[in-house]
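# Examination of the molecular architecture
Listed here are the chains, written in short residue letters.
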Amino acid sequence: MKAINNCTVITDKNQKELYSHVEPLFPCTVYTTNFASRVSSEIPWHWHQDLELILVTEGKLLIDLGKTSFILEKGQLLFLNTSVLHFMKQASSQNCTAITIVFDAELISGHAESIYKKQYILPLLTCHNLHYIIFSSETAWQKKCIDCFQKACTLFVEETPAFLFAIREQLSYICYEIVENCQSELTAPSVYPTVEYQRIKQLLEYIHTHYHEAISLKTLSTAVNISQRECFRCFQTILHTTPMAYIIKYRISTALSLLQNTTLSITEIALSTGFNSSSYFSKIFREHMKVSPFHYRKNNKKK
């Protein structure tokens, strides 16, 4: 199997990430990310049902989960639980690179009625107190998890005999260490602000469905039956941006994919992503990407 270079985050209307694993019968994918090549050196807000492990290999990475944000240092590993809305960005002027494994929890637990699923994996997946874990080599059990992650990445590329067994073994051991060492979090009452996060997902759903149309703060707030003030507050509190700034950045991200993967003209791309003219689109695109749409397409066109 091959690791994917600079995996593009594509989401459905609910901001849920859409991608296909390299081998559908083995739902596990490894990919590398060079943040310097992305819009504003970031991966936009998204979520997915798969579990995710991210190791920073160069630089520093800002992780934002809404009301919680932190910086991952080189060598640190991050565990993200299922369905956690998250955002990533290069944290300094130094370029940041990372390697990621995303995998379906059923790869570890087996069928839905297995004792592994019921006794260990399901409590982990439904634990709002364990949305993330930062692994550092200074803590013995966490260092073991980092080692297992690195072994899994190596196995994924080298394809040694029976390597799929070995990858599952490494990921299973990481899950074992989490369950074994995080019992207090797994058994504690949840303090997760569910209503606020559901509301922001509704707002994102509307944007991802209607980004090609004219969207105002009024139309956005009306669509989810909240006031304009509450709409603005949700974006500021959880996503740390304004609704309009988010919409523009999402439109630019969509335009990047069209520039790379289609033969649509610059004007057609501008209009299909919600910009009212190619000149305005080019101006905003240059502000975000430091290059014109024409030169971005020339340098990044996929063959």
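I will try to describe carefully the structure that is included in this document. (Residues numbered from 1 in each chain as written. Predicted model: local features only at pLDDT ≥ 70, side-chain atom pairs only at ≥ 80, totals over all residues. Heavy atoms only, no water.)

### A look at the overall build of the protein
To keep things clear, this is the line we draw: In DSSP terms, a helix is any run of H or I states spanning at least four residues, a strand is any run of E spanning at least two, and both are numbered starting from the N terminus. In this treatment the radius of gyration is a C-alpha quantity, and the globule benchmark scales as 2.2 Å times the residue count to the 0.38 power. We call a residue buried when its accessible area falls under 20% of the maximum for its residue type, exposed when it is over 50%, and partly exposed in between, using a 1.4 Å probe and counting protein chains only. We call two residues in contact whenever any of their non-hydrogen atoms come within 4.5 Å of each other. Per-residue accessibility takes into account occlusion by the displayed protein chains alone, with areas from the Shrake-Rupley method and a 1.4 Å probe. Charge counting treats Lys and Arg as positive and Asp and Glu as negative, with His and both chain ends excluded. To locate a charge, take atom NZ for lysine, CZ for arginine, CG for aspartate or CD for glutamate.
Regarding its fold elements, the protein presents 12 helices and 12 strands. Scaling as 2.2 N^0.38, a compact globule of 303 residues should have a C-alpha radius of gyration of about 19 Å, and the protein matches this with 20 Å. For the protein, the spread of C-alpha atoms along the principal axes amounts to about 55 × 45 × 35 Å. With 303 residues in all, the protein has 47% of them scored as buried. Long-range contacts, defined as pairs at least 24 residues apart, comprise 71% of the intrachain contacts of the protein with a sequence gap of at least 6. Total accessible area on the protein is roughly 14,900 Å²; 54% of this is exposed by carbon and sulfur atoms. In the protein, 29 positive and 26 negative side-chain charges are present, and the distance between their average locations comes to 9 Å.

### Thoughts on unusual backbone geometry
In the Ramachandran plot, A162 falls in the positive-phi region, its phi being about 60 degrees despite a non-glycine side chain. Mapping A162 onto the fold places it in the loop between helix 3 (140-158) and helix 4 (163-181). Positive phi values are uncommon outside glycine, yet N225 reaches one of about 60 degrees. For N225, the location among the structural elements is in the loop between helix 7 (217-223) and helix 8 (228-239). Residue N225 is classed as exposed on the basis of its relative accessible area, which comes to 71%.

### A word on helix 4
We count it as follows: The span one expects for a helix is its residue count, reduced by one, times 1.5 Å.
Taking 1.5 Å of rise per residue, the 19 residues of helix 4 would be expected to cover 27 Å, and the 27 Å separating its terminal C-alpha atoms lies within 8% of that figure. For helix 4, the full list of buried residues reads F163, A166, I167, Q170, L171, I174, C175, E177, I178 and V179.

### Focus: the environment of S137
Structurally, S137 can be placed in the loop between strand 12 (132-135) and helix 3. Sequence-wise, S137 and G75 are 62 residues apart; in three dimensions their C-alpha atoms are separated by 7.9 Å. Sequence-distant contacts of S137, defined by excluding residues within four places in its chain, comprise K143 and I146.

### Section: the pattern of salt bridges
Which entries qualify depends on this criterion: Whenever Lys or Arg places a side-chain nitrogen within 4 Å of a carboxyl oxygen from Asp or Glu, that contact is recorded as a salt bridge.
Taken as a whole, this structure holds 12 salt bridges when the rule is applied. Between E113 and K118 there is a salt bridge whose closest N-O contact spans 2.9 Å. Across the salt bridge formed by K283 and E287, the nearest N and O atoms sit 2.9 Å from each other. Taken together, the positions of K283 and E287, both in helix 11 (residues 278-289) and four residues apart, correspond to about one turn of that helix.

### Concerning the packing of aromatic side chains
As a reminder, the rule being used: Stacked, tilted and edge-to-face are the three classes applied to pairs of Phe, Tyr and Trp rings, where Trp contributes its six-membered ring and a pair requires centres within 6.5 Å; stacked means planes under 30 degrees apart, edge-to-face means over 60, and tilted covers the rest. In this scheme, Lys NZ or Arg CZ marks a charge over a ring once it lies within 6 Å of the ring centre and within 35 degrees of the ring normal.
In the structure shown here, the tally under the stated rule is 10 aromatic pairs. Between Y211 and Y250, the aromatic rings sit 5.3 Å apart at their centres with planes inclined by 80 degrees, giving edge-to-face as the arrangement. With Y211 in the loop between helix 6 (194-210) and helix 7 and Y250 in helix 9 (residues 243-261), the pair connects residues that are 39 residues apart, well separated along the chain. Classification of Y250 as buried rests on a relative accessible area of 14%. Over the face of the ring belonging to W47 we find K201, whose NZ or CZ atom lies 4.3 Å from the ring centre.

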